[in-house]
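# Examination of the molecular architecture
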Amino acid sequence: MGEALKCFDTDGSPIIKEDTKLTSRNKDSKKYQTPFGIVEIERHVYQSSKGGKIFCPLDSARTIFAATPKFAQQLSRKYSQGNANSVCSDLKENHNRSVAKSTVQNVTDWVGSIACAQEENWDYAPPEIDEPITTVVFSLDGAYILMALESECL
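Report follows, based on the coordinates. (Residues numbered from 1 in each chain as written. Predicted model: local features only at pLDDT ≥ 70, side-chain atom pairs only at ≥ 80, totals over all residues. Heavy atoms only, no water.)

## Considering the overall build of the protein chain
Worth spelling out the cut-off: Elements are defined by DSSP. Helices are runs of H or I of four residues or more, strands are runs of E of two residues or more, and each kind is numbered from the N terminus. A 1.4 Å probe rolled over the protein chains alone gives each residue an accessible area, and that area as a share of the maximum for its type sets the label: buried under 20%, exposed over 50%, partly exposed in between. Between two residues, a contact is recorded if the distance between any of their heavy atoms is within 4.5 Å. A 1.4 Å probe and the Shrake-Rupley method give the accessible areas. Residues count as covered only by the protein chains that appear here.
Scanning the protein chain from N- to C-terminus turns up five helices and four strands. Each helix and strand of the protein chain, placed in order from N terminus to C terminus, yields the pattern α-β-β-β-β-α-α-α-α. For the protein chain, buried positions account for 26% of its 154 residues. Within the protein chain, residue pairs in contact and separated by at least 24 positions form 52% of the contacts whose partners lie at least 6 positions apart. Accessible area of the protein chain: about 11,800 Å², with a carbon and sulfur share of 52%.

And the structure:
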């Protein structure tokens, strides 16, 4: 995973971003969460000669709170089925991964905000219904009992 992530880094040459020339300040070490464990990578960070905000090309790998997209997907899937403590327990027992509860919450919250932002762009048509809906059934105990009109049972 470390080698795959390094593909998103640069060789340290100056780059142009939004009409501003940025030069590599140095290589900075950062730890990334992957499905297979933590990977520490030395990556280039850039800044203009006037200072200001630092830019890291490796962030174009779509990492979320230093988690790879696949690990973020795994956390989100597990979190949708339980709580943060159960996700941490599952990762420890089944994947030999120790992950902080706050990591689970931060990553999955961010994934959720990405999904909400994308929902505004989604456009879909509701499915066509062959016959009009004539009956709606509510159940208080969760049991589903097949119901039919008396004329259909005869």
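Don't stop here, the text continues.
## Things to note about the packing of aromatic side chains
Here is the rule we go by: Note on aromatic contacts: the rings of Phe and Tyr and the six-membered ring of Trp form a pair at centre separations within 6.5 Å, being stacked when their planes are under 30 degrees apart, edge-to-face when over 60 apart, and tilted otherwise.
This structure, assessed with the given rule, holds one aromatic pair. Taking 5.9 Å as the distance between ring centres and 85° as the angle between the ring planes, the aromatic pair formed by Phe 65 and Trp 110 counts as edge-to-face. With Phe 65 in the loop between strand 4 (51-55) and helix 2 (69-81) and Trp 110 in helix 4 (residues 101-119), the pair connects residues that are 45 residues apart, well separated along the chain. For Trp 110, a relative accessible area of 44% corresponds to the partly exposed category.

## Here we look at the pattern of salt bridges
We apply this condition: Salt bridges are defined as contacts in which a side-chain nitrogen from Lys or Arg sits within 4 Å of a carboxyl oxygen from Asp or Glu.
In this structure the tally under the stated criterion is four salt bridges. Across the pair Lys 6 and Glu 3 runs a salt bridge whose closest N-O atoms are separated by 3.4 Å. Of this pair, Lys 6 and Glu 3 both sit in helix 1 (residues 2-6), separated by three residues, roughly a single helical turn. The partly exposed category is assigned to Lys 6, whose relative accessible area is 41%. Of the charged contacts in the structure, one is a salt bridge between Arg 43 and Asp 28, with a shortest N-O distance of 3.3 Å. With Arg 43 in strand 3 (residues 37-48) and Asp 28 in strand 2 (residues 20-34), this residue pair connects regions lying 15 residues apart in the sequence.

## Quick notes on the sheet that holds strand 3
Pairing between the strands of a sheet is mediated by backbone hydrogen bonds and can be parallel or antiparallel. We apply this condition: One bridge is not enough; two strands pair if DSSP finds at least two bridges between them. Helix axes are fitted only over the stretch in contact, all axes being lines through C-alpha atoms; the angle between N-to-C directions runs from 0 to 180 degrees.
The sheet built from four strands is open, its strands ordered 1-2-3-4 with antiparallel pairing. With one partner strand each, in any of the chains shown, strand 1 (15-17) and strand 4 form the two edges of the open sheet. Ignoring strand direction, the axes of neighbouring strands in this sheet form an average angle of 45°.

## Describing the pairing of strand 2
Consecutive side chains along a regular strand alternate between the two faces of the sheet. Judged from the three bridges that link them, strand 1 and strand 2 form a sheet pairing that is antiparallel. Its bridge partner lying in strand 2, Ile 15 is registered against Leu 22. The hairpin turn running from strand 2 into strand 3, its antiparallel successor, is two residues long.

## Some details on the environment of Glu 42
The topology assignment puts Glu 42 in strand 3. Sequence-wise, Glu 42 and Lys 27 are 15 residues apart; in three dimensions their C-alpha atoms are separated by 5.6 Å. The residues touching Glu 42, leaving out its near neighbours within four places in the chain, are Asp 9, Lys 27, Asp 28 and Ser 29.

## Here's the deal with the packing of helix 2 against helix 3 (residues 84-95)
Helix packing geometry: the angle between the two helix axes and the distance between the axes. The following threshold applies: Angles are sorted into four bins: roughly parallel if under 35 degrees, roughly antiparallel if over 145, roughly perpendicular if 65 to 115, and oblique for all others. Take the far helix as your reference; a near helix turned counterclockwise from it by less than a right angle gives a left-handed crossing, and one turned clockwise gives a right-handed crossing. All residues other than Ala, Val, Leu, Ile, Met, Phe, Trp, Tyr, Cys, Pro, Asp, Glu, Lys and Arg, Gly among them, are scored as polar; the first ten of these are nonpolar and the last four charged.
Viewed as axis vectors pointing N to C, helix 2 and helix 3 meet at an angle of 120°, and their least axial separation amounts to 9 Å. One element, helix 2, and the other, helix 3, form an angle in the oblique class. Note that helix 2 runs across helix 3; the crossing there is right-handed. The segment helix 2 lies against helix 3, with Phe 71, Leu 75, Lys 78 and Tyr 79 engaging Ala 84, Val 87, Asp 90, Leu 91 and His 95. Classifying every residue of the contact of helix 2 with helix 3 gives six nonpolar, one polar and two charged.

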